[in-house]
Amino acid sequence: MKAAVIVFPGSNADRDAAVAVEQSIGAPPKMVWHRDTELPKVDFIVVPGGFSYGDYLRCGAMAAHSPIMREIKRAADKGTRVLGICNGFQIITEAGLLPGVLLRNKDLRFICKDVYLRVEQTKSDFTRRYKSGEVIRIPVAHAEGNFFADDATLQAIEDKGQVAFRYASAAGDVSDETNLNGSRGNIAGIFNEKRTVLGLMPHPERMSDPVLGGADGRKMFDGLVEALS
Amino acid sequence: MTSVPNARITPADIKSHGLSEEEYGRILEILGGREPNLVELGIFSVMWSEHCSYKSSKKWLKTLPTKASWVICGPGENAGVIDIGDGLAAIFKMESHNHPSYIEPYQGAATGVGGILRDVFTMGARPIANMNALRFGSPDHPKTRRLVSGVVSGIGGYGNCVGVPTVGGEVNFHPSYNGNILVNAMTVGLADQNKIFYSAAAGAGNPVVYVGSKTGRDGIHGATMASAEFGADSEEKRPTVQVGDPFTEKLLIEACMELMATDAIQSIQDMGAAGLTSSSFEMASKGGMGVQLDLEKVPQREEGMTPYEMMLSESQERMLIILKPGKEALARKIFEKWELDFAVIGHLTDTGRMVLKHHGEVVGDLPIDPLAQASPEYDRPWVATEPLPVLHAADVTEVDWRDALKTLMGCPDIASRRWVWEQYDCIVMADTAQRPGGDAAVVRIHNTNRALAISTDCTPRYVKADPFEGGKQAVVETWRNITAVGGKPLAITDNLNFGNPEKPPIMGQIVGAIEGIGAACSHLNYPVVSGNVSLYNETNGNAILPTPAIGGVGVIDDLDKMTTVAFKAPGDVILLIGQKDTASGWLGQSLYLREVAGREEGAPPPVDLKHEKLIGDFVRNLIQAGRVTACHDLSDGGLVVGLTEMALAGNIGCLLNDPGVPRHGRLFGEDQGRYVLTVKAADATAILREAEPVNIPVQMLGVTGGKDIVLADETAVSLADLRQLHEGWFPTYMSGKN
């Protein structure tokens, strides 16, 4: 399996992603500069966290129109697995790979903390190593992670099993109380219809090593390797 | 001597530039009787400002210990450099951004973080951790909420975007900061020992290169503002606060790192306080060089900028680089890749003078050495702080320990700072092994099982009561915090925040605190490698509590042995290490005294440096041997507050033996040199046996377990209640509900 990590000038979790990917694959991913117009041949692409172009405009809005995004869209259409983490989720959503949009957190502040996620959909290469309904602990670090979609879109997402993770309690209860940023349906991560593209606000790559406080995120990368190798 | 345009300097100009008549006299001497023009006067003004010249503190700073076998570079460079083994160096410094943060909290704090990051990466280090030390006025003061909110989001806004984790810090409240908050930011970076960059310029003819953001009119005279007291008009100084752009800083870091990996740089320095003036002067002065600048080549954000504005602007995210010959094309390519400005704005000369040209016309011509090195140095008169009487526990009201504990856990200085640190990305770079809330932050050295432990500390109320003991205590507390996570403390940076040094009692605080810091550093072999001084923190004549904030850095050689404060399992034995038999509990200047008894009195707890070293080394050895399940040093609030913090962190209670009398002294006294450890029950007796022959006092305090803090007489407080008080204060306060 071959992987690539996209590097925008303001990416700051590109190394975090590369370390986690390498740990699972056993080889370093290719780092692809945002101005490149060609993607290397890979099975899996990570669009990492950070502040792509500073994000003084809407998060990810400029990155969605960068040259490399055209290539990523093309690859995604062909079934290449794409994972957008945090700012990467914002970027691929802005680029139209996923439905909905990420708004400012409900209390308007940046939030960095470990959160509990309930795994909603295990039938994907990203989540196959998790059990349905399993509660995992992964950190968030964002100011704009408030997932919004209109009623019809939201219904479609739910009906087609596109919800990957929801913000929950340690016991797995999903409620307003566990909704840290105001996301509709407590949604923390969603798939495209084919479940070949996943975007999520939490950072699995920063919880893939016991030294960092846990390894619940590692199963995502291990699962991908298992599925794509 | 080149001719410079005529100048008419009036006494009002001299005064508005913060220069004394005596200093102006010295300027005339340096210029051989010629009057300076306004550009030159502006340059003298910033270079000789307290902020840039350390003119009041230099005499005393020189007394600090700065050497150890692991010190690669001590004070005088952009940041301090220490050897941390494996060919690596830690580069770090703490710096204040107090005055701007009071006037415009978000930008003041944000640019404080940006400035200290540049001080570190300019030396070749990739920043791996940010820390801070914040002091605000009374929570009741009408401005405090807005200032806390602005400063915290400013620190987060900058650090989060740049992608350097903010891993810890401290926040205190006291009415003395009502008109002068303190925002001290620290950055720690990692470099290869053979790739460290310095700022001394060399090689006449070498190009002087400007990179980063364009120059605007922001921050003109920031350094001068930071060297004067505030009056009623302080808010009007908003135009002198700089505006930060963390995205550009991120690009600048990456571009500089890329250039540093080549062999193109002769020397490099960031443009911090006093911008282009201080960077070019300092680089030339350190290398004994001269410099000529063609100011029209400076990338400018606005049209029609004058030489005066360009020389004094404090626009952010800019660096000055002296390139080796023939490297311009290579360097330009890298900065263009990162879409940053790159301009050759002059060259080095061997004249020892700074010649400023604007469209070919000489607009300034100054000798460099007298300006940069022979800046004024004052031996300001000082009076020592009168020692305060020792307050005996018997003279302090005793209230039910449960009520006192609840009061303390929910008081502004002890309540959980979660509301603050959750706004900081503390985990970006994926190497954070210990996040905020413990004794020291721990950041792994990438790709190894080693780590740096970092702590910032100061207890200003102790320093006010006794500057010498308080100065010692600030150093020792960082040393203890690093020890408590299993680290070996190596060196410190100091950020000395005081009032107006022209007042002898304030100068006395400065002298006392520096002597205390020096004594502690000497005894612990824990030198000062960098630092910053912020004076004139006064408003309408009211000075802040003297606040020499210390940032300590140490190394953990085996991360598997790192300890945290959290109780790990029920049934562990709790040990108190370092409690002297004679001590009945030191309540003078304690938080119990202030928060429970409503008094701020007495001498602060003394620091016995010999005892500290003995106890700390013993504790560290136990941790490194893998025999400790949790560890916490005791500070604010004393023993039972420390135990409660451990219990809350692990969500496991404890059952404690009879503490003895006086109970409030035993439970809440702030005697120094103490740690609480938990160990496996089977190992406890062995530790007691090992401690005895080496005169280490160890007491068995009780055992972990349950969901309450329980004393032997069966009085108890539930963790749930304590958690609510501890976690509740900050969010409730910030929401304006209390």
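Residues numbered from 1 in each chain as written. Chains lettered and ligands numbered in written order. Predicted model: local features only at pLDDT ≥ 70, side-chain atom pairs only at ≥ 80, totals over all residues. Heavy atoms only, no water.

(A) Quick look at the overall build of chain A. Along the backbone of chain A there are five helices and eleven strands. For 229 residues, the compact-globule estimate of 2.2 N^0.38 gives 17 Å, and the C-alpha radius of gyration of chain A, at 16 Å, lies within 12% of that figure. Overall, chain A is about 45 × 35 × 35 Å in size when its C-alpha atoms are taken along their principal axes. Looking at chain A as a whole, 61% of its 229 residues are labelled buried. (Helix = DSSP H or I, 4+ residues; strand = E, 2+ residues; numbered from the N terminus. Rg over C-alpha atoms; globule rule 2.2 N^0.38 Å. Buried < 20%, exposed > 50% of the residue type's maximum accessible area, 1.4 Å probe, protein only.)

(B) Spatial organisation of the environment of B:Val420. Residue and element names in this part refer to chain B. Locating Val420 in the fold gives a position in helix H16 (residues 418-421). Assessed through its relative accessible area of 4%, Val420 is described here as buried. Sequence spacing of Val420 and Gly168 is 252 residues, and the spatial spacing of their C-alpha atoms is 10.0 Å. In this structure, Val420 is in contact with Val152, Val171 and Phe730, ignoring residues within four places of it in sequence. (Contact = heavy atoms within 4.5 Å.)

(C) Structural detail: the side chain of A:Asn105. Residue and element names in this part refer to chain A. Note on placement: Asn105 falls in the loop between strand S5 (101-103) and strand S6 (111-119). What makes Asn105 buried here is its relative accessible area of 0%. Setting aside anything within four residues of it in sequence, one finds Asn105 in contact with Phe110, Ile111, His142, Ala143, Glu144, Gly145, Asn146 and Asn181.

(D) Inspection of helix H25 (residues 719-734) of chain B at higher detail. Residues and elements named next belong to chain B. The terminal C-alpha atoms of H25 lie 23 Å apart, and with 16 residues this matches the ideal 22 Å at 1.5 Å per residue to within 8%. Maximum bend of H25: about 45 degrees, positioned at Gly728, with proline Pro731 one to four residues after it. Of the residues one or two after H25, Gly736 is the one with positive phi, at around 80 degrees. (Expected span 1.5 Å × (residues − 1). Bend = angle between axes of the 7 residues up to and from the residue.)

(E) Structural context of the packing of aromatic side chains. Taken as a whole and assessed by the stated rule, the structure comprises 16 aromatic pairs over all chains. Note on A:Phe89 and A:Phe147: the rings are 6.4 Å apart at their centroids and 10 degrees apart in plane angle, and the pair reads as stacked. Here A:Phe89, found in helix H3 (residues 87-94), pairs with A:Phe147, found in strand S8 (residues 146-148); they are 58 residues apart in sequence, far enough to count as distant. Residue A:Phe89 is classed as buried on the basis of its relative accessible area, which comes to 0%. When its relative accessible area of 1% is taken as the criterion, A:Phe147 is described as buried. With centroids separated by 5.8 Å and ring planes inclined at 15 degrees, the aromatic side chains of B:Trp419 and B:Phe730 adopt a geometry described as stacked. Placement of B:Trp419 in helix H16 and of B:Phe730 in helix H25 is noted, with a sequence separation of 311 residues between them. (Phe/Tyr/Trp six-rings, centres within 6.5 Å; stacked < 30°, edge-to-face > 60°.)

(F) The arrangement of the nonpolar core in detail. Ranked by internal contacts, the top residues of the largest apolar core, which has 125 residues, are A:Phe165 and B:Phe335. Ranked by residue count, the leading element in this core is helix H10 (residues 246-260) of chain B, at nine residues. Ignoring anything within four residues of it in the chain, the contact list for B:Phe335 reads B:Val211, B:Leu252, B:Ala255, B:Cys256, B:Leu259, B:Ile321, B:Leu340 and B:Phe342. In terms of nonpolar packing, the next biggest core, distinct from the first, is built from 58 residues, B:Tyr536, B:Val573, B:Val619 and B:Leu677 among them. (Core = buried A, V, L, I, M, F, W, Y, C linked by side-chain atoms within 4.5 Å.)

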